[in-house]
Structure formats: C-alpha cells, structure tokens
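# Coordinates in review
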Amino acid sequence: MGQAGGADQQSGRHRGYDGRHRSVGPDGLSVWATAQSTGPVQRKGRYVAESVRHPARMLPAIAAHAIAHYTKPGDLVLDPMCGIGTTLVEAVHAGRDAFGVEYESRWSDIADANIRHAHAQGATGRAAVIRGDSTGILSLVPAVLTGQVALVVTSPPYGPTVHGLVEPGEGGVRKSDNTYNDGTDKGNLAYRDLTGLADGFAQVLAGCRMLLRPGGVVVVTARPWRKHGQLVDLPSAVIGAGVRAGLVPVDRCVALLAAVRDDTLVARPSFFQLQAVRKARRAGTPMHLIAHEDVLVFQTPPNEGRVGT
C-alpha cells in the first residue's frame, strides 16, 4: 500500500503523540515503540474517564501506529471488536473515517462517548459504532461499504478473565472490571475455548475480508495467556484464523508494552502479571514478564480482482 502516513514517519513522530513513540526511516521497523508513555498517560484527556473500565484495552499508540503506517487521510478504518473505540478514536484524530462493531452495549456506549469527545477536541474524521455480533458482520454493515475498507485493526478477547483494575484494602487486593459482561452471556467469544475462539475469529476475519478493498490490510494484536499455568498460544491461533478466512499473512511485528530508555526496556506489568511470574519462578518455572504484543499483519490476496471472489 505504499508509505501512507510517510510524512509523519519521516519526521519521527505520529500525530497526536508528539514523538512519544518513533519510527526509524520511511520503511519503519518491525518493533513498534508504542509504550514510551503508560496507557493512562496516553488516554488522559483523550478518552472519557469510563474507558478505564474495559478489561482489555488496546494501547492507543498501537492503533495510531498502524493507522499512520497503513493508511492515508480519508481512508476507511474498521475495528470489528471495537470495545471502547480506541481504533476509531485514533482514526478520526488522524483524519481517517472509521466504524466499529461491538457486542456489548456497555462498551459501545463508551465508544460513542469517546468519538463525541474526539470530535469536541477537533478530530476531523467521521466514525460510528454498530451494536452486534461481529461473527455476522456482513449482516450488520451497509452493503455499500463492501470493498471500501482500507485497514482493519482489532484484537481478539483474551479469555473470560483478564487483569482488570486492582485496589488495595484491609482485606487484601480487590479486583474489579476483570471480566467481559457479567460472565453469563456465553455468546461472547471470550467464553469459548481456544478452538472455539479461533473459529469465531476466523468468521469475523472472513467478513472483514469482504469489506476490504483490494490490497487492504488487517492488523491484529494478540499475546499468549496462561490457563492453569500452561501457555495458550493465541497469536498462532490468530494466524491460522486469518488463513482460513482467506487472508494472506505478510508480516509479524512486535508492539512494545515496555518503554525504551537508552539501552534498557522498562516493563510496566500489571499487579497480577508480576505476582504470577514471581510465583512461577519461586516454583521453578522459568516464566518471563510479557513486554510486547504480537502484531499479525494480513492482506487480501494479491490476485483477487474483486473482494469476495
């Protein structure tokens, strides 16, 4: 897709972050320095306060980097599992149009609020959120958008329970906002096992492929998690899902969750990540802190003359 956003890359900064994460040269690097500032700092003032309640938020700098690298102003961006609307907010701030699909009304309402907030701050792109199940995305999206999407940026759910928020108290540490919905709606992909999650995500990506223009790009961020101490390899499952959806894997990058300071990475683990790694190491398991997201990049088949053929 050429070097969309090249002017920003050549100057060493991405619009909206004032050099807090940088690319080197017009071709960029496969390692994205997307955590030079913390998640709360990246969101402060840019997102409504309720955004913190979502249990698995994408770093704004990751979405911003993908949008700057793979699109140009006026392009259409899609997030089929948009949560609080991080991808949509970063797209409209960058002068792109965007739409997203969100299964849970709680998060779609916050995504709407974040879009309104972005426009109040001067964002020029247009955006909308559709409520529904993205495994049937083609039944939700107007047919006129078929073949119009330049970029999909999204992330699958990380199992039914994620880190959420913590608050210390007299009775110990209390965890909150660490599950998708109330845990009762099993229609959410987060409540499927890895095979079911991968199958559902393949359905989502297959629908997105129909909406992509020729040469359109899909960027999926994912990281492994642990279940009963064993590693669940979500990134590999995502690659398989993309291939089954008819997409071509073209790149695998790293989006840092740690800051780069001189020759050192400064990790920013959650309380529970740190606790789990310390406990595993005491038990003799050589576990490390996760300091990056895998960024899996797909494209529509090169010889596909019309989307969906």
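Notes on the structure in this doc start here. This is a predicted model, so every value here is computed, not measured.

Next up on the list: unusual backbone geometry. Phi is positive for D262, close to 55°, though the residue is something other than glycine. Position of D262 among the secondary structure elements: in the loop between β12 (259-261) and β13 (264-266). Taking relative accessible area as the criterion, D262 reaches 79% and is therefore assigned exposed.

As a further point, take the nonpolar core. By size, the foremost hydrophobic cluster in this structure holds 28 residues, and its most contacted members are L78, V149, V218 and V238. Among the elements of the structure, β2 (76-79), β3 (97-102), β5 (149-154), α6 (194-211), β8 (212-222), α7 (234-244) and β14 (292-299) are those that each provide at least two residues to this core. Considering each element in turn, this core owes the most residues, seven residues, to α6. Dropping the residues within four chain positions of it, V238 is found in contact with P156, F201, V220, A222, L296 and F298. Within the second largest apolar cluster, 27 residues are counted, among which are L59, I67, V129 and V219.

Across the six residues that make up β3, a large majority, six, are buried. Going residue by residue along β3, you find D97, F99 and V101 tucked away on one face and A98, G100 and E102 tucked away on the opposite face as well. Pairing between β2 and β3: four bridges, direction parallel. Bridging from a neighbouring strand, L76 pairs with D97 of β3. The pairing of β3 with strand β4 (residues 127-131) spans five bridges and is parallel. Opposite A98, over in β4, you have A127 as the bridge partner. The parallel pair β3 and β4 is bridged by helix α5 (residues 105-120), and the resulting crossover is right-handed.

The subject of this paragraph is the pattern of salt bridges. Counting across every chain of the model gives nine salt bridges. R46 serves as the salt-bridge partner of E90, at 2.9 Å between the closest nitrogen and oxygen. Separated by 44 residues along the polypeptide, E90 in helix α4 (residues 86-93) and R46 in the loop between α2 (39-43) and α3 (60-70) bring together distant segments of the chain. R46 carries the same exposure label as E90, and that label is buried. For K72, the salt bridge goes to D75, with nearest N and O atoms at 3.5 Å.

Here we come to the pairing of β2. Burial of β2 is two-sided: the residues L76 and L78 facing one way and the residues V77 and D79 facing the other way are all buried. Once you follow β2 into α4 and on to β3, the crossover reads as right-handed. Bridge analysis of β2 against β5 gives two bridges, and the strand direction is parallel. Pairing of L78 across the sheet is with V152, part of β5.

Cut-offs used in this document
- Counting restarts for each chain, with residues numbered from 1 along the sequence as it is written.
- With pLDDT at 70 or above as the cut-off, local features in this predicted model cover only qualifying residues; side-chain atom pairs require 80 or more to be listed or tallied, and sums for whole chains, interfaces and linings still use all residues.
- Processing note: side-chain calculations cover all non-hydrogen atoms of the structure and skip hydrogens and water entirely.
- In this text, helices come from DSSP runs of H or I with a minimum length of four residues, and strands from runs of E with a minimum of two, each type numbered from the N-terminal end.
- Relative accessible area decides the class of each residue, using a 1.4 Å probe on protein chains only: under 20% of the type maximum gives buried, over 50% gives exposed, and in between gives partly exposed.
- Side-chain atoms within 4.5 Å are what join buried Ala, Val, Leu, Ile, Met, Phe, Trp, Tyr and Cys residues into a set we call a nonpolar core.
- Every residue pair with non-hydrogen atoms within 4.5 Å of one another is taken to be in contact.
- Whether two strands pair comes down to DSSP finding at least two bridges between them.
- Whether a crossover is right-handed comes down to one check: with the strands pointing away from the viewer, does the path from the first strand over the helix to the second run clockwise; if it does, it is right-handed.
- Only one rule defines a salt bridge in this text: a Lys or Arg side-chain nitrogen within 4 Å of an Asp or Glu carboxyl oxygen.

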